[in-house]
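# Architecture at a glance
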Amino acid sequence: MPLIEVSNLRKEYRNHVAVQDVSFSVEEGEIFGILGPNGAGKTTAVECIEGMRKRDGGEISVMGLDPLKDKDLAELRESIGIQLQQSELPPKMKVWEALELYSTFYRDPVDWRELIKDWGLSGKADTAYGSLSGGQQQRLSIALALVGKPRIAVFDELTTALDPHARRETWKLIEKVREQDVTVLLVTHFMEEAERLCDRIAIIESGRVVALDTPPDWCPGSMSSRSSASSRPSRWTTNCSPRCPR
Ligand SMILES: Nc1ncnc2c1ncn2[C@@H]1O[C@H](COP(=O)(O)OP(=O)(O)OP(=O)(O)O)[C@@H](O)[C@H]1O
């Protein structure tokens with residue numbers, strides 16, 4: 001049984017339909033990518049999965065739990081690690097303070113001192129969040145997502161603000177998360193990132209899944225009859241992968 005199953009998800013904001021019809025499933029142990037241009041509905045879709053937003057239609061099952069049901073949601077929050085958004089921590093909060101605070105959110109948290117070691121933050125425990133480099137902030141973000149010993153981690157544009165070197169370093173960390181038996185849902189703008197990391201990807205445009213595949217089988221040309229390639233932002237309009245069969 002898939003760990004996450006999304007069927008015909010729909011979400012509206014007032015009179016704007018952000019997610020029209022999104023369906024995919026994620027198997028345990030996968031790194032599953034969600035790729036698409038700005039405003040496509042990627043974040044909205046993952047927030048419905050996390051239970052941060054209430055869907056307007058369709059079905060979602062995460063480990064057999066329905067994020068719309070309050071009883072299930074409490075259980076779900078114990079099992080999903082959600083990445084910190086950049087503005088969520090006060091700049092003066094120290095690394096250890098953030099980890100200790102997050103530990104209080106979970107029934108059975110991991111010892112945050114181990115996370116500091118595991119995620120390369122030794123020597124930074126007393127450093128304020130605002131004084132960390134971009135890469136260090138992302139390390140903390142990953143560590144915070146793992147405090148509750150989740151089965152699923154959701155990373156939404158974790159590498160967008162990073163330079164290419166820090167981005168590649170962060171890719172290694174995402175692989176390390178998977179090695180710890182955590183299933184990863186990864187929202188990204190970068191095709192290269194999806195190709196490098198993901199077992200499968202869903203490409204979302206205008207609130208719909210327009211391609212669902214393993215990265216080597218996917219290429220922008222294969223979508224030309226379903227969407228306008230010229231309307232895609234350059235950040236994710238890449239050439240086909242060298243592994244692309246076309
Ligand atoms: N709280 C909100 N209220 C109203 N409209 C919203 C809200 N959040 C998102 N939207 C709109 O819903 C659509 C989908 O937004 P969403 O953030 O899910 O897209 P995205 O694919 O994650 O985009 P990005 O890559 O830019 O983060 C966009 O048109 C956005 O403007």
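Anything mentioned here points back to the structure above.
Overview of the structure.

About the criteria used
Residues numbered from 1 in each chain as written. Predicted model: local features only at pLDDT ≥ 70, side-chain atom pairs only at ≥ 80, totals over all residues. Helix = DSSP H or I, 4+ residues; strand = E, 2+ residues; numbered from the N terminus. Buried ≥ 20, exposed ≤ 12 C-beta atoms within 10 Å, placed from the backbone. Pairing = 2+ DSSP bridges. Arc of directions from axis to C-beta. Contact = placed C-beta atoms within 7 Å. Near = placed C-beta within 6 Å. Nonpolar A, V, L, I, M, F, W, Y, C, P; charged D, E, K, R; others polar. Axes fitted to C-alpha atoms, helices over the stretch in contact; angles between N-to-C directions. Parallel < 35°, antiparallel > 145°, perpendicular 65-115°, else oblique. Left-handed = near helix turned anticlockwise from the far one by under 90°.

Attention shifts here to unusual backbone geometry. With a phi close to 50 degrees, N8 is a non-glycine residue in the positive phi region. On the secondary structure map, N8 appears in strand β1 (residues 4–13). With phi around 45 degrees, R14 is a residue other than glycine that occupies positive phi space. Mapping R14 onto the fold places it in the loop between β1 and β2 (16–26). C-beta crowding within 10 Å serves as the criterion here: with 4 such atoms nearby, R14 is assigned to the exposed category.

Across five bridges, the pairing between strand β8 (residues 200–205) and strand β9 (residues 208–213) is antiparallel. When the bridges of β9 are listed, I201 appears paired with D213. Linkage of β8 to β9, two consecutive antiparallel strands, is achieved through a turn of two residues, within which S206 is found at a positive phi near 45 degrees.

Let us now look at the environment of E192. Tracing the sequence through the fold places E192 in helix α7 (residues 191–197). The exposure class assigned to E192 is partly exposed, which follows from the 16 C-beta atoms found within 10 Å. For the pair E192 and P215, spaced 23 residues apart in the sequence, the C-alpha separation amounts to 9.6 Å.

Let us now look at helix α3 (residues 95–103). For α3, the complete set of buried residues consists of V95, A98, L99 and Y102. Projected down its long axis, α3 carries its buried residues within an arc of 95 degrees, all on one side. The secondary structure elements touched by the buried residues of α3 are α4 (112–118) and α5 (134–146).

This part covers the site of the ligand. Every residue near the ligand is listed here: Y13, H16, A18, G36, N38, G39, A40, G41, K42, T43 and T44. Those elements that place two or more of their residues in the shell around the ligand are β2 and α1 (42–50). With three residues, α1 is the single largest residue contributor to the shell around the ligand. Residues belonging to the shell around the ligand are distributed by class as follows: three nonpolar, seven polar and one charged.

With that settled, the discussion passes to the environment of E193. Looking at the secondary structure, you find E193 in helix α7. Distance in space between the C-alpha atoms of E193 and V46 is 18 Å, their sequence separation being 147 residues. Contacts of E193, omitting those with residues within four sequence positions, involve T159, W171 and T188.

Relative to each other, α5 and helix α6 (residues 164–179) sit at 15 degrees, their axes nearing to 10 Å. It follows that α5 is roughly parallel to α6 by the angle criterion. Classified by chirality, the crossing of α6 by α5 is right-handed. Residues G134, G135, Q138, R139 and I142 of α5 form the contact with α6, whose participating residues are A166, E169, T170, L173 and V177. Class assignment of the residues belonging to the contact of α5 with α6 gives a composition of four nonpolar, four polar and two charged.

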